[in-house]
Every structure is written in structure tokens, then in C-alpha cells.
Amino acid sequence: MAVSTASPIIPVHQGMDLTTINTIRTLSMDAVQAANSGHPGTPMAMAPVAYCLWQRFLRFDPQDPVWPNRDRFVLSIGHASMLLYSLLHLTEVRAVSKDYETLGDASVPLDAIKAFRQLDSRCPGHPEYRWTSGVETTTGPLGQGVATSVGMAIGRQWLAVRYNRTGFENLFDFNVYALCGDGCMMEGISSEAASLAGHLRLSNLCWIYDNNHITIEGNTSLAFTDDVATRFIAYGWNVTRVGDANDLEMLARAFQTFLNTNDRPTLIIVDSHIGYGAPHKQDTSGAHGEPLGEDEIRLAKRNYGWPEDKKFYVPDGVYDHFRQGIGTRGKQLRDAWFARIGEYRKQYPDLAEELFRMQHRQLPEGWDRDLPEFPADPKGLATRESSAKVLNAAAKNIPWLIGGAADLAPSTKTRITLEGAGDFSAENFAGRNLHFGIREHAMGAILNGLSLVKVRPFGSGFFIFVDYLRGSLRLSALMELPVIYVFTHDSIGVGEDGPTHQPIEQLAHMRSMPGLIMIRPADANEVSEAWKVILQLHHEPAVLVLTRQAVPTIDRTKYAPASGLARGAYVLTDAAGADPEVILIGTGSEVALCLEAYEQLTKEGVRARVVSMPSWELFDDQDKSYRESVLPPQVKGRVSVEQASDFGWAKYTGSEGHNVCIETFGASAPLKQLLKKFGFNAENIVAAAKSQIAKHRA
Ligand SMILES: Cc1ncc(C[n+]2csc(CCOP(=O)(O)OP(=O)(O)O)c2C)c(N)n1
Ligand SMILES: [Mg+2]
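If you're wondering where the values come from, they're calculated on a predicted model, not measured in any experiment. Counting of residues starts from 1 at the beginning of each chain's written sequence and follows it residue by residue. In the order they appear in the text, chains get letters beginning with A and ligands get numbers beginning with 1. Restriction of local features to residues with pLDDT of at least 70 applies here, the model being predicted, together with a cutoff of 80 or more for giving and counting side-chain atom pairs; totals for whole chains, interfaces and linings are based on all residues. To obtain the side-chain values, all non-hydrogen atoms of the structure were used and water was disregarded.

Trainee: Would you mind going over the overall build of the protein with me for this structure?
Mentor: Per the secondary structure count, the protein includes 24 helices and 22 strands. For the radius of gyration, the atoms used are the C-alpha atoms, and the globule rule reads 2.2 Å times the number of residues raised to 0.38. Taken over the C-alpha trace, the protein has a radius of gyration of 28 Å; the compact-globule value for 698 residues is 26 Å, and the two agree within 12%. Seen along its three principal axes, the alpha-carbon backbone of the protein occupies a region of about 90 × 60 × 45 Å. A 1.4 Å probe rolled over the protein chains alone gives each residue an accessible area, and that area as a share of the maximum for its type sets the label: buried under 20%, exposed over 50%, partly exposed in between. Residues counted as buried form 61% of the 698 residues belonging to the protein. Any two residues whose heavy atoms approach within 4.5 Å are treated as being in contact. Long-range contacts, defined here as pairs at least 24 residues apart, represent 77% of the contacts in the protein between residues at least 6 apart. Accessible areas in this description were obtained via Shrake-Rupley with a 1.4 Å probe; residue shielding takes into account the shown protein chains only. Total accessible area computed for the protein in this model is approximately 25,900 Å², and 50% of it derives from carbon and sulfur atoms. We count Lys and Arg on the positive side and Asp and Glu on the negative side, and we leave His and both chain ends out. The atoms used to mark charge sites are NZ of Lys, CZ of Arg, CG of Asp and CD of Glu. Counting 68 positive and 80 negative side-chain charges, the protein places the centres of these two groups 3 Å from one another. Comment: elements are numbered from the N terminus, with helices defined as DSSP H or I runs of at least four residues and strands as E runs of at least two.

Here is the structure:
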């Protein structure tokens, strides 16, 4: 093991500051060692930075970690989770129930730290929102945390403009801090998010960059020579530096600089030594992601002036020290806020009611009263068009439904056109239409951040570009956030744009993701029902998949009502008298084709059924008897029709069923030619149905 050539380790602080910092360090080292896995080096290095922020600045009440106006702290370097767990433990953050009730017990008891990374511990490998109170967002995929923090900062600005009133100017004035590292800086998502944050001049946002020059493979000189300061200045940020992570006074000055900056976000670049104090591992990638080893831990503790053989040691006075700092300050601020909210409720009962509902993820009374019903129309309209009408009808009655697109709103039709809805910009934080720019990945994370501060966000783009934001979407699902994704141009229906724009495997991707609800409605009335379902979700992100091209509005006097959508799949029309010989199952734009084929089959005396199946997830959630009433097990003749990969369809059509699907990347041509080329016409479906009947008769 190489001996570090770093500068000698000189403790620069005395008293309780240093004792508390070293407690954070040693808890982190001991926990990683006990787990025999984890990342000790960065918590050791960043302990003073986090300590300074939490103890001196953060407006956070450990007794009530969900107080709405608390400052947010995002650990974007999720691998350094022990840093956060140590803080949550030492500041005695209380656990909060899923119903937002503060429980008496600790969020992170010492036993949870001792069980770091073990099954069911409150200290999993990376911080998980909804699992450990005080964790503001799930982090681990690098770059996500910082991008999410931009969403939180946007959300705060929006909340402030809507709810702060004369005499209540500080109702929402929280700041958002995010601690990031070299990895976050290298990931593209941080560039997207920082660019937008600078553009929007989000002065309530502060990123702290741990500039330790170390990542997993070694020194950052291997792959990263950005001049980060210049890069962020170019984004329009205020950039300041702290040359030594141990220098609490310089850190405090930097945070003060952030607080004094009112016209742009702030980046604090902090030079640190990963594995600070470990004589053989400091400043090496060896301190990044593996236990230090018992001997090295002892030597590091010796350097800190710590009892070498004590493990998980919290010296007398540490809890008290935090109680007197962040604890007292946080409680005062929190209590004062709640005292004001009582007064606010008297003066602005409607706004207070909105806030209450929003914070509890409820909807306003009568939220669905304007959702439209569409008359039957053989020509119909594109589902993106009907969605625009439904979205606006919902937005009218849900004031905190806000969102936008990644530069595609004219195509995705997601603009809120209500009078006064406005555009969110640095000059107008009240706008309900967000402009994410062409930054899908950051858009996903920003939606998560918005949802975490409890507004109801939606984001949109072409369905093909869901691939660009899948990492963020996965976190929406993992965090159980009711984020709404509206994706249009959902198939070869995009026609001439060709294979680069034609989703094929994307539906299968979405369906494979746990906790996500995807809906691909067949017509305008299914769109209306889809929004109704989506808006009532509390814990699932939704993906609404819509067409570019017109689809007929199904005649509901002839076929079953669209309300069947809520059950995921429903019988749209059926054979008279007895069991059908064949079931045609379609989604989205292909349902109309199934109906056409059905009419033809019926004319020929074939007993067929059409099932509209807009959502696998909703259908799979139904009880067995309902599922079997839609897809009776004895009816083996089955044809699915979907302009996408057949991946997964055998679950409903069986190994002997037939899937009308697309196995290539599509092609560039007018839609008519594509439908012919890929066999999406009634004749082909009729033929498939007949061959299914023959096959299962045999
Ligand atoms: C998107 C993503 N890619 C890769 C990883 C795996 N990974 C975890 S930590 C890390 C290195 C991070 O380096 P840095 O941010 O400098 O953290 P430090 O080593 O300084 O703690 C990598 C590549 C990840 N967590 N997320
Ligand atoms: Mg690093």
C-alpha cells in the first residue's frame, strides 16, 4: 500500500465542532467496516462541510423533518450515504409515517447504522426516499441528485409566488443545497440541469462540489479536465471556492455568499482529501468504495485523537451540541412557521386549503367536474389532441398542476392554455408552463424534484425519447412519486420521420418497470378516463402514451363505455350468445383496427371479441375473476395488435397465440405505406384470427 504524500494531517478545529465532525467520520468508517462494504472516504472528507451547513445554516427541524418550508439537503453523491445517516442519527431526526405523521422514534437509531447495508436497515446502501425519514430524495445514480435539486428549487419559486402574501412573505423561502462530486459533474444530466438553473436564475439553489480529484478508477486526470468554475460561470452561476474542506470559517463564508446572492444559483467548489486522516488511503481511490480495514481505521482514529478501539462511539455532548445548533434553530423556525400558518388560514382560507391538500397529495373538491366527454366520430382526433383538452380541463380545477415539455409542447399539445397560466421564467415564477429546453434527462429529475416539494408535475416529449430520461423515470417509480409523463408520437404512426423516431421496444421497457402505470388509450374518451385515473394516483408515476395521428372516437352507444379503462382492459364488444372463438386485443391506435376486423369477422359468422387493453399494469391489478371474465382461459384463440415489439405479449395471448407486431426499427414513409408494409390492416388481423381459430380447433 502506497503511503500518502498528502499534506500532514493537522486538526484545525478544537472543541465540539471537531469532536462532532470526527464522530461523523468514525461512525461512517465503522459502519462501512462492519458491513464490509460501502464508501468511507467521502464521508470522512466531507464531514466538516456537511457539519458546517447543518449546524450553522440549514433551516431544518429534526423533530419535524417534513415541515414544508424546511431547507432541502440533497446528497447527490449517494454512495457517501453514511455521511447522511450519521447526520440524521446525530441530529436525532424523528421518523415520519407514510401519512406524514411524526413518530416518536428515531429515523436512524444507532442500531440502524450498525446494520448499515443489511436487510431492512434504515441505512440501505444508498439513501432512499420514503424509507428513511430525512432523506429528501433517492440518490445513487450520479447526477440525479443535483438535477432533482433544480426541480425542488423551481418548485419553491413557484410556491413562493403563489402562496406568499403580504404579511406572509416568508411562507415559502426555503433553500436547496446539493452535495455533489466529480461523478455528478461528469454526468451529462448535471450539465442540462445546471444550464437550466442558471437560465432561470434560481438563487435559492446551492451546489457544493467535492473537488477531490478521485473517482473509482483513480485520479480524475484520467478522464476529466474541465475547468468546472469557468463552466459554471458560463452557465450564469455564482462560483466560489473553499480551498480546504476542513476550514469551517471559509465554508461559512461561502454559505453566507450563497445567502447574499439573489440573482443566480451558487456553486461552492470545495477542495478535499478523500479518506481524510487515513494514513495509507487518503487521496487514493482506495478510500472511495471499500472498507478501510481495521488497522487503517485504528490509525485514522489515532490521527483524529480518537479512542482507537472504540466502535460506533458517540462522545458525550455530541447530541446536545446538535440540539443546541440545528435543533434549536430548526424548531424555532418550524414553530414560528406553523404559528403563522394558523393566521394565514384565517386570512387566506382558500390558499391554505390548497396547501393542505397539495402537501397531502390530495386533489381539490370537484377537480374532475370539467373533464370532457367526446361524441362518436369516425374521423376522430389524435389522442395528443384530446389529451390537450382533458389536461386543460383538469388544470382549470387543479391549480398546482404544472408542467411542460422538452421543447416539444407544440407537438405534444401539453400547453396549459388557460387564461393567466403563463410561462415559467426567471421573470415570472408564477408560470404554469415550464420550458425544460431540449434536456429530457434533466426534465425527468426536475419533475421528481417538483413532486418532492408536492406540486403536481407533468413533463412531455416524443415517446422515443423516453430512452433519454429512463434513469430519472426509474427514480420516479422507485420513490413512488406521482409524476406524470406525457409521451406522444407513440408508434410508426409518426410516418415519415422514420426509424429514429418510431418507438418499438419502448412499451416493453415501460411495462418491465416496477411501480409504473402506463396507459395507451384508444380514443378521446379513453384519454379522458386515463387522466382521471392518473390524477388520482398517489404513489405511482404514470406514462401516458399518445398518438400523433387521428384515431376514431369510438361510438360508445354501440361499444362498451370508456370507463372500463380504469380496470386496465375491458371487453369493448363481444360475440353474441356463446363464448367467442377468438379474442382480438388491441391498445391505443390499434383498437380501431381490431374493431374493423371484428365487424368483418362477425359478418362472416365468426364469433369474435375485442378487448381494449390500455394498461397492462391496471389490468394485472384486478382480481382473477375480472381478468378471466375479460380473457377467459378456455378461449385460446388470441390475437394481439400493437405497433411495437411483441415482447411480453405471450402473457396474454399464450405461447400459441398470435401477435401482430413490429420486429424491426420501422421505416421512413407515409403512414399508409407503413401500415401495409407491417401488416396493420383489418385483412391481416382477420387472417390471423382465422388461423388462430383453426389452430386451436385442431
Ligand atoms: C450514473 C452512475 N454511474 C456510475 C456509478 C458508479 N459509481 C459510484 S461512485 C462512482 C465514482 C464517483 O466519483 P466521485 O463522484 O468523485 O465520488 P468520490 O469517489 O469522490 O466519492 C461511480 C462511477 C453510479 N453510481 N452512477
Ligand atoms: Mg471524487
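Trainee: How should I be thinking about the site of ligand 1 in this particular structure?
Mentor: Proximity is defined per residue: any heavy atom of the residue falling within 4 Å of a molecule or strand makes that residue near it. Inspection of the region around ligand 1 gives 15 residues, with Thr42, His79, Gly183, Asn212 and His288 positioned closest. Here a polar contact is recorded for every N or O atom pair within 3.5 Å, except that within protein the pair must consist of a potential hydrogen donor and a potential acceptor, and residues adjacent in sequence are included only if both atoms are side-chain atoms. A distance of 2.8 Å is found between a nitrogen atom of ligand 1 and a backbone nitrogen or oxygen belonging to glycine 140. Here an oxygen atom of ligand 1 sits 2.6 Å away from a polar atom, N or O, in the side chain of asparagine 212. Contact with the protein chains covers 74% of the free accessible surface of ligand 1, which is 580 Å². The set of elements that each furnish at least two residues to the shell around ligand 1 consists of helix H6 (182–186) and strand E6 (214–215). Nonpolar residues are Ala, Val, Leu, Ile, Met, Phe, Trp, Tyr, Cys and Pro. Charged residues are Asp, Glu, Lys and Arg, and all others, Gly as well, are polar. For the shell around ligand 1, a count of residues per class yields five nonpolar, eight polar and two charged.

Trainee: What is the right way to look at the pairing of strand E14 (residues 484–488) in this model?
Mentor: Remember that side chains alternate between the two faces of the sheet whenever the strand is regular. In terms of burial, E14 is a largely internal element, five of the five residues being buried. Going residue by residue along E14, you find Ile484, Val486 and Thr488 tucked away on one face and Tyr485 and Phe487 tucked away on the opposite face as well. When strand E13 (residues 456–462) meets E14, the two strands line up parallel, connected through five bridges. Bridged to glycine 459 within E14 is tyrosine 485. Handedness of the crossover is the feature at issue here: the chain leaves E13, passes through helix H16 (residues 470–478), returns alongside E14, and the resulting connection is right-handed. Any two strands with at least two DSSP bridges between them are considered paired. In the sheet, E14 pairs with strand E16 (residues 542–545) via four bridges, with the strands oriented parallel. Counted as the bridge partner of phenylalanine 487 is valine 545 from E16. Assignment of crossover handedness uses the view with strands pointing away from the viewer, where a clockwise path from the first strand over the helix to the second indicates a right-handed crossover.

Trainee: So what exactly am I meant to see when it comes to the layout of surface pockets here?
Mentor: Once rolled over the atoms, a probe with the size of a water molecule shows which space is left empty. As defined here, a cavity is a set of points on a 1 Å grid over the protein atoms alone where a 1.4 Å probe fits but cannot get out. A pocket is an open set with protein on both sides within 12 Å along at least five of seven lines, and residues line them when an atom is within 4 Å of a point. Grid points are joined across faces, edges and corners, and a volume is the space filled by probe spheres set on the points. What the largest pocket holds in volume is close to 940 Å³. Put simply, the parts of the chain that give the lining of the largest pocket at least two residues each are strand E2 (94–96), strand E3 (102–106), helix H11 (318–347) and helix H12 (349–359). Split by residue class, the lining of the largest pocket holds 23 nonpolar, nine polar and twelve charged.

Trainee: Looking at this model, I keep getting lost on the coordination of the magnesium ion (ligand 2). Mind explaining?
Mentor: Ideal values for angles at a metal depend on the geometry: 109.5 degrees with four tetrahedral donors, 90 or 180 degrees with six octahedral donors. For the magnesium ion (ligand 2), the full set of protein donor atoms is Asp182 (OD), Asn212 (OD1) and Ile214 (O), and the range of their distances to it is 2.1 Å. Distances decide who is a donor: an N, O or S atom must be within 2.8 Å of the metal, or within 3.2 Å for Na, K and Ca. Water is not included, so sites may look incomplete. In the primary structure, the donors to the magnesium ion (ligand 2) are separated according to the pattern D-x29-N-x1-I. Of the two residues, aspartate 182 sits in helix H6 while asparagine 212 sits in the loop between strand E5 (205–211) and E6, which places them 30 residues apart along the sequence.

Trainee: Got a minute to help me understand the packing of aromatic side chains in this structure?
Mentor: What describes a pair of aromatic rings is the distance from one ring centre to the other and the angle between the planes of the rings. Side-chain rings of Phe, Tyr and Trp (the six-membered ring for Trp) are treated as a pair once their centres are within 6.5 Å; stacked means planes under 30 degrees apart, edge-to-face means over 60, and tilted covers the remaining angles. Summed over the entire model, instances satisfying the criterion amount to 29 aromatic pairs. Geometrically, the ring pair formed by phenylalanine 462 and phenylalanine 465 is stacked, given 6.1 Å between the ring centres and 25 degrees between the ring planes. Judged by relative accessible area, phenylalanine 462 falls into the buried class, the value being 10%. Clustering of aromatic rings is evident, with ring pairs tying together Trp158, Tyr163, Phe172, Trp337 and Phe338. It is arginine 122 that lies over the ring of tryptophan 131; its NZ or CZ is 4.0 Å from the centre. Charges are assigned to positions over rings by a cutoff of 6 Å between ring centre and Lys NZ or Arg CZ, combined with an angular limit of 35 degrees from the ring normal.

Trainee: I'm lost on the sheet that holds E13 in this one. Help?
Mentor: In any sheet, the strands associate via hydrogen bonds between backbone groups, in a parallel or an antiparallel arrangement. The six strands lie next to each other as E12-E11-E13-E14-E16-E15, forming an open sheet whose pairing is parallel. The open sheet has two edge strands with one neighbour each: strand E12 (433–435) and strand E15 (517–519). Taken pair by pair, the neighbouring strands of this sheet meet at an average axis angle of 20 degrees, ignoring direction. As paired elements, strand E11 (residues 401–405) and E13 share five bridges and run parallel to each other. The residue of E13 that forms the bridge with isoleucine 402 is proline 457. Note on method: axes are straight lines fitted to C-alpha atoms, helices fitted across the in-contact stretch only, with angles between N-to-C directions ranging 0 to 180 degrees. Lying on the sheet, helix H13 (residues 383–397) is in contact with E11, E13, E14 and E16; it crosses E11 at an angle near 150 degrees.

Trainee: I keep staring at the packing of helix H1 (residues 15–35) against helix H10 (residues 294–304) and nothing clicks. Help me out?
Mentor: The axes of two packed helices give the description: the angle between them and the distance between them. The N-to-C vectors of H1 and H10 enclose an angle of 175 degrees; their axes lie 11 Å apart at closest approach. Relative to H10, the element H1 is oriented roughly antiparallel. Of the residues in H10, those touching H1 at Asn22, Arg25, Thr26, Met29, Asp30 and Gln33 are Glu294, Ile297, Ala300, Lys301 and Tyr304. Split by residue class, the contact of H1 with H10 holds four nonpolar, three polar and four charged. Each angle is binned into one of four classes, with values under 35 degrees roughly parallel, values over 145 roughly antiparallel, values of 65 to 115 roughly perpendicular, and all other values oblique.

Trainee: Please explain empty space enclosed by the protein as it appears in this structure.
Mentor: Taken as a whole, this structure holds three cavities of 30 Å³ or more when the rule is applied. Here the residues of the lining of the second largest cavity sort into six nonpolar, one polar and no charged.

Trainee: Could you clarify how one ought to interpret the nonpolar core in this entry?
Mentor: Nonpolar side chains tend to gather and get buried jointly when the protein is soluble and globular. Ranked by internal contacts, the top residues of the largest apolar core, which has 113 residues, are Tyr163, Trp207 and Val543. With near-sequence residues (within four places) excluded, tyrosine 163 lies in contact with Trp158, Leu171, Phe172, Tyr344, Leu351, Glu354, Leu355, Met358 and Trp400. To define a nonpolar core, start from buried Ala, Val, Leu, Ile, Met, Phe, Trp, Tyr and Cys residues and group those joined through side-chain atoms within 4.5 Å. Core analysis: the second largest hydrophobic core is formed by 54 residues, Val93, Phe116, Val135 and Phe255 among them.

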